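Observations on the three-dimensional arrangement
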Amino acid sequence: RNRGFFLAVDGGELPEREGVNREPATPWDDPLYYRLAEDWLGGRIEERVSENELMRHYSVTRSRLLKVLQRATEDLWVERLPGRGWRFLAVMVSAQAYEDGYRFRMVLEPAALLEPTFQVDRAALQALADQQIALLKGGFRKLSPTELFSLNSQFHEVLMGFSNNPFFVDAIKKLDRVRRLLDFRSTYATNRDRLLKQCSEHLEIIDLLEKGDNATAAQFLRDHIKGALESKRGLIASAPE
């Protein structure tokens, strides 16, 4: 604490800064992605805008802006218009659409645990447990919104993978992509302490699967998803229709 950082090598051995790419490694690591999302959710961006308008508004290069817009397009909340225009979409942004997505998860994910082809990979399950324990020990306070969302998504996607049915995995991955916006706002941007409860529940599901009690794990998973939805209703309601 209060000790800062130490260089791994002598300062004289560091490369020259000139020409170093200082842009974030991925669009999800770029604060612009989340700033753009928050401005859209907060009603501070028009539904249709041009690239030039966004470049001026955020004082960013076209290259950086396009990377973020392309990522948002893949996440299904922006689409490109003819020319250099862009349109922001309300997919999984309205309260009803978001609730519909969570209710679909409440049906889909528990069902995967009860499939006759469901088979736990012990090593993968232990890796999930190690991740959740690390988060409970304070790791969740050190990670970026991108990393937190990815770990949570990975937990659910790995469980779907145990079903040995690619349709379950494809469905949950698509839902993860389109719910990113409101999950970022409602969980990681405002109340990370809620993640303690989430991690504890993940560990309970892991424990039940290790014991082979898939029926109880499926019910617990459904309640877990329902609880996540209930905890986010206030912020979901404030999103633009």
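Only a predicted model underlies this, so the values are computations on that prediction, with no experimental measurement involved.

Turning our attention to the nonpolar core. Residues Leu-113, Leu-125, Leu-128, Leu-159, Met-160, Phe-162 and Leu-209 are the most contacted members of the largest nonpolar core, which totals 29 residues. At the level of elements, α4 (95-113), α5 (122-136), α6 (145-161), α7 (166-188), α8 (194-210) and α9 (214-231) are the ones that each hand at least two residues to this core. Those residues in contact with Leu-128 that lie beyond four places of it in its chain are Gln-154, Phe-155, Val-158, Leu-159 and Ile-206. In this structure, Ile-45, Leu-54, Leu-65 and Val-78 belong to the second largest nonpolar core, which totals 20 residues.

One pass over the structure, following the stated rule, counts ten salt bridges. Across the pair Glu-51 and Arg-62 runs a salt bridge, and its minimum N-O distance is 2.5 Å. You can see Glu-51 sitting in helix α2 (residues 51-58) and its partner Arg-62 sitting in helix α3 (residues 62-74), a full eleven residues away along the chain. Overall, Glu-51 belongs to the buried group, its relative accessible area being 1%. Arg-105 is the salt-bridge partner of Glu-109, the closest N and O atoms lying 2.6 Å from each other. Taken together, the residues Glu-109 and Arg-105, both in helix α4 and four residues apart, mark about one turn of the helix. For Arg-105, a relative accessible area of 4% puts it in the buried group.

Looking at chain direction, strand β1 (residues 48-50) and strand β3 (residues 85-88) are connected through three bridges and run antiparallel. Paired with Arg-48 across the two strands is Arg-87, which belongs to β3. Where strand β2 (residues 78-80) hands over to β3, the hairpin turn is made up of four residues, of which Gly-83 adopts a positive phi near 85°.

The phi dihedral of Ser-59 is positive, around 55°, even though this residue is not glycine. Along the polypeptide, Ser-59 turns up in the loop between α2 and α3. Phi angles above zero are rare outside glycine, and Asn-164 is one such case at about 55°. Within the secondary structure, Asn-164 is located in the loop between α6 and α7.

This model, assessed by the stated rule, comprises five aromatic pairs. Taken together, a centroid distance of 5.9 Å and an interplanar angle of 85° make the contact between Phe-118 and Phe-162 edge-to-face. One end of the pair, Phe-118, is in the loop between α4 and α5; the other, Phe-162, is in the loop between α6 and α7, with 44 residues separating them in the sequence. Comparing Phe-118 with Phe-162, the two get one shared label, buried. Pairwise contacts between aromatic rings join Tyr-33, Tyr-34, Trp-40, Trp-77 and Phe-88 into one cluster. Stacked on the ring of Tyr-102, the Lys or Arg Arg-105 has its end atom at 5.1 Å from the ring centre.

Read across the sheet, three strands follow the order β1-β3-β2 without closing on themselves; strand pairing throughout is antiparallel. Looking at the sheet topology across the chains shown, the edges are occupied by β1 and β2. Put simply, the sheet's adjacent strands are angled 30° from each other on average, direction ignored. Sitting on the sheet, α2 is in contact with β1, β2 and β3, with an inclination near 75° to β1.

With that out of the way, let us pick up α5. Given a rise of 1.5 Å per residue, 15 residues ought to cover 21 Å, and the 21 Å separating the end C-alpha atoms of α5 matches this to within 8%. Looking at α5, one finds that the buried residues are Leu-125, Leu-128, Ala-129, Gln-132 and Leu-135. Taken end-on, α5 shows its buried residues confined to a sector of 125°, consistent with a single buried face. One or two steps after α5, the chain reaches Gly-138, where phi turns positive at roughly 115°.

To continue, consider the packing of α4 against α9. Two elements in contact, α4 and α9, have axes separated by 8 Å at closest approach and are oriented at 170°. Put simply, α4 runs roughly antiparallel to α9. Residues Tyr-98, Glu-99, Tyr-102, Arg-103, Arg-105, Met-106, Glu-109, Pro-110 and Leu-113 of α4 pack against Asn-214, Ala-217, Ala-218, Leu-221, Arg-222, Ile-225, Lys-226, Ala-228 and Leu-229 of α9. For the contact of α4 with α9, the per-class residue count stands at eleven nonpolar, one polar and six charged.

Calculation notes
- Residues numbered from 1 in each chain as written.
- Predicted model: local features only at pLDDT ≥ 70, side-chain atom pairs only at ≥ 80, totals over all residues.
- Heavy atoms only, no water.
- Core = buried A, V, L, I, M, F, W, Y, C linked by side-chain atoms within 4.5 Å.
- Buried < 20%, exposed > 50% of the residue type's maximum accessible area, 1.4 Å probe, protein only.
- Helix = DSSP H or I, 4+ residues; strand = E, 2+ residues; numbered from the N terminus.
- Contact = heavy atoms within 4.5 Å.
- Salt bridge = Lys/Arg side-chain N within 4 Å of Asp/Glu carboxyl O.
- Pairing = 2+ DSSP bridges.
- Phe/Tyr/Trp six-rings, centres within 6.5 Å; stacked < 30°, edge-to-face > 60°.
- Lys NZ or Arg CZ within 6 Å of the ring centre and 35° of its normal.
- Axes fitted to C-alpha atoms, helices over the stretch in contact; angles between N-to-C directions.
- Expected span 1.5 Å × (residues − 1).
- Arc of directions from axis to C-beta.
- Parallel < 35°, antiparallel > 145°, perpendicular 65-115°, else oblique.
- Nonpolar A, V, L, I, M, F, W, Y, C, P; charged D, E, K, R; others polar.

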